Amino acid sequence: MSEEEKTEKSGWRVWVQPSRIPSRGVLGILSFFGFFTNYMLRVNLNIAIVSMTGGTNVLSSASFNKTVVLSECVANASGKHAAPGADFQEAEFDWDSGQQAMVLGSFYWSYVVTMVPGGLVAEKYGGKLVYGGGNLVLCLMCLLVPVAARFHISVLILVRLIQGMAAGVTWPAMHVMASQWFPPHERSKFVSTYMGNSVGIAVTYPLCGVLIDSFGWESAFYVPGLMCLLWCVWWWFCAFDSPAKHPRICKKELAYLEQNVVISKRKLKLPLKSILKSVPFWALVVANVGTIWAFMTIITYGPTYLKTVHGLSIRENGLLSGLPNLSRFIGSLFFSWVIDSMITSKKISITFARKMATIVAQGIPAGLFLLMGNMGCNAKAEVAVLTLASMISGSASSGTLVNSVDLAPNFSGSLLGLISIIGMSSGFVVPLVVGFIIKDNQTLAQWRYVFIISAVLGLFTMVVFTVFGSGEVQLWNEPDLLKPKKGKNRKIVKGDSEAPDSTEPLRK
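These notes cover the structure that comes with them. (Residues numbered from 1 in each chain as written. Predicted model: local features only at pLDDT ≥ 70, side-chain atom pairs only at ≥ 80, totals over all residues. Heavy atoms only, no water.)

Within the protein, the secondary structure is distributed over 21 helices and four strands. Expressed as a percentage of its 508 residues, the buried residues of the protein come to 60%. Expressed as a percentage of contacts within the protein between residues at least 6 apart in sequence, the contacts between residues at least 24 apart total 83%. Carbon and sulfur atoms form 66% of the exposed surface of the protein, whose accessible area is close to 20,200 Å². (Helix = DSSP H or I, 4+ residues; strand = E, 2+ residues; numbered from the N terminus. Buried < 20%, exposed > 50% of the residue type's maximum accessible area, 1.4 Å probe, protein only. Contact = heavy atoms within 4.5 Å. Areas by Shrake-Rupley, 256 points an atom, 1.4 Å probe, with all protein chains shown as cover.)

Let us now look at the nonpolar core. Counting residues in hydrophobic clusters, the biggest one holds 106 residues, and the most contacted among them are Met52, Tyr111, Trp171, Phe221 and Trp235. With 14 residues, the single largest contributor to this core is helix H2 (residues 23-52). Residues Phe281, Ala287, Phe411 and Phe465 belong to the second largest nonpolar core, which totals 15 residues. (Core = buried A, V, L, I, M, F, W, Y, C linked by side-chain atoms within 4.5 Å.)

Take helix H5 (residues 115-125) next. All of the buried residues in H5 are Met115, Val116, Gly118, Gly119 and Ala122. Buried residues of H5 fall within an arc of 160° about the axis and therefore sit on the same side. Along H5, the residues that are exposed and aim more than 90 degrees away from the buried face are Lys124 and Tyr125. Directly after H5, the chain includes Gly126, whose backbone phi takes a positive value near 105°. (Arc of directions from axis to C-beta.)

On to the pattern of salt bridges. A pair can form between side chains of opposite charge whenever their charged atoms are brought close. Taken as a whole, this structure holds four salt bridges when the rule is applied. As a salt-bridge pair, Arg150 and Glu218 come within 2.2 Å of each other at their nearest N and O atoms. Remark: Glu218 occurs in the loop between helix H10 (196-215) and helix H11 (219-238) and Arg150 occurs in helix H6 (residues 127-151); sequence separation between them is 68 residues. Look at Arg150 and you get partly exposed, because its relative accessible area is 44%. The partner of Asp340 in a salt bridge is Lys189, with the nearest N and O atoms 3.2 Å apart. Residue Asp340 is found in helix H15 (residues 314-344), and its partner Lys189 is found in helix H9 (residues 187-191); the two are separated by 151 residues along the sequence. The buried category is assigned to Lys189, whose relative accessible area is 12%. (Salt bridge = Lys/Arg side-chain N within 4 Å of Asp/Glu carboxyl O.)

Phi at Lys346 takes a positive value of approximately 60°, unusual for a residue other than glycine. On the basis of relative accessibility, which here comes to 71%, the residue Lys346 falls in the exposed class.

Attention shifts here to the packing of H2 against H11. The contact between H2 and H11 brings their axes to 10 Å, and the two run at 165°. Overall, the two elements H2 and H11 adopt an arrangement that is roughly antiparallel. Helix-helix and strand crossings are classified by hand; for H2 and H11 the assignment is left-handed. Here the contact of H2 with H11 is built from residues that sort into 20 nonpolar, four polar and no charged. (Axes fitted to C-alpha atoms, helices over the stretch in contact; angles between N-to-C directions. Parallel < 35°, antiparallel > 145°, perpendicular 65-115°, else oblique. Left-handed = near helix turned anticlockwise from the far one by under 90°. Nonpolar A, V, L, I, M, F, W, Y, C, P; charged D, E, K, R; others polar.)

For the rest of this paragraph, the subject is the side chain of Ser398. Tracing the sequence through the fold places Ser398 in the loop between helix H17 (379-393) and helix H18 (400-407). What Ser398 contacts, discounting residues up to four positions off in sequence, is Ser188, Phe335, Ser336, Ile339, Ala353, Arg354 and Ala357.

What follows covers the packing of aromatic side chains. Inspection of every chain in the model, using the stated rule, returns 19 aromatic pairs. Ring centres of Tyr131 and Trp235 lie 5.1 Å apart, and the angle between their planes is 45°; this geometry places the pair in the tilted category. Taken as a pair, Tyr131 in helix H6 and Trp235 in helix H11 lie far apart in primary sequence, 104 residues in all. Its relative accessible area of 1% is what places Trp235 among the buried residues. When the centroid spacing of 5.2 Å and the interplanar angle of 25° are considered together, the rings of Trp231 and Trp235 count as stacked. Placement of both Trp231 and Trp235 in helix H11 is noted, with a separation of four residues, approximately one turn of the helix. Taken together, the aromatic side chains of Phe35, Tyr131, Trp171, Phe182, Phe190, Tyr194, Trp231 and Trp235 make up a single cluster linked through ring pairs. Sitting above the plane of the Tyr39 ring, Arg42 keeps its charged end 4.0 Å from the centroid. The ring of Phe240 is capped by Lys128, whose NZ or CZ atom sits 4.9 Å from the centre of that ring. (Phe/Tyr/Trp six-rings, centres within 6.5 Å; stacked < 30°, edge-to-face > 60°. Lys NZ or Arg CZ within 6 Å of the ring centre and 35° of its normal.)

Turning to its location among the elements, Asn288 is positioned in helix H14 (residues 279-310). When its relative accessible area of 4% is taken as the criterion, Asn288 is described as buried. Through-space distance from the C-alpha of Asn288 to that of Thr400 is 6.5 Å; in sequence the pair is 112 residues apart. Setting aside residues no more than four positions away along its own chain, Asn288 makes contact with Thr400 and Ile419.

A word on a nonpolar patch on the surface. Together, Leu272, Leu276, Trp282, Ile421 and Ile422 give the surface a local cluster of nonpolar side chains, amounting to about 400 Å² of exposed area. Going through the elements one at a time, helix H13 (272-276) and helix H19 (412-423) are the ones with two or more residues in the nonpolar patch. Relative to the assigned elements, Trp282 resides in helix H14. Residue classification places Trp282 among the partly exposed residues on the basis of a relative accessible area of 36%. (Patch = residues over 30% accessible without salt bridge, like charges linked within 9 Å, V, L, I, M, F, W, Y side chains within 5 Å.)

Rendered as structure tokens:
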């Protein structure tokens, strides 16, 4: 066997082959920058609202007539224990903490509504149109945010609702692409490209900090919106629903994928009743709640925490808020390489791999979260802890994030949508919970409760998945075979590298 044939057979080596980029490698690059721009448009408001409202979730012109308890760090620096909004920059909008929670959380009200329909449509018509179309609508709405905000807060909430609907279809659509393009031992590496979202957040915070400081808060929406438009053009010309539909794919790569990617040739109806009775499905739902809660706490309230507790400037805030998200991507790359290598060498099963990755992703960060609020006014130390916790949580790309493809490759998009309905509800629940805890009290003690909740929830959901989770293809992946023939018992496939009798490799 030639060295080239060995490379093709081994699968993972093709990702780093210097002579050319394989078609699925191009999809990985597109996926990375797709989530990169997607999350830029989700979180730019999180830092822009600090400038739009004068720098705090509670200090605004609407709260000038009442006393607000500042954090010990800000109070010591200013020599005051309570102060009105004069310590912060002038606000253009007088939204109180409740209104700001609505603006930040409204994106996720509609986000969870379109996840299941997005998966179903992507499974029927292909992930290219659904994923690309979702990002296109998301960026067009982003460009309208400044106008909407100045017209009325209700119009801004409407724009955010539309953004949420558009963004809701993207994750399920990309999971459909993953099931069409990648065999089991390459999935963790591909799903690690989803961590482009963390890099996008890491870039957005410092970029928007500089843009806001130099050109005003409106630029935090115009620049990322135009960047996403450019990506949409790139996606349209370079992405394809499956290897069989790719006009430029190498014959050897196509043959390799035909042999290793297993999908059903038949049109299958979503076995919703069987899914809702599945213990591994519910274990994954629970695990996603813990993972996403911690993630949403950091990306939604990281900038506000650094501003209100440590009094950082908009430039410092942007830079330090971005570090944890960049480290999450780095951690994702490392853990995906390690775990995929172990799966390929058959040192561990897929089930063990997913559970191990989840223990790392949720257990260790939970312990680190308990340090937050207990290090005094040392902002750099707290950012370092969050950065380390985020890096380790990147292991989720080899655990809960990819597990829905393991359980049912034929319904990967729909399954992710069902799972995320509950998991991504954290997007609007987190602002409500944090707003209730903080109210008009910005002390370290109050913020400490926010991190304790994330830690406890992460540990609980980790235990649930470790006990009840699975990496095996479930019987309901083939709904036509749920009823075994008379006198015979059909076994659940032990790993999706073994194709069920009713499925065939990908064909033209």
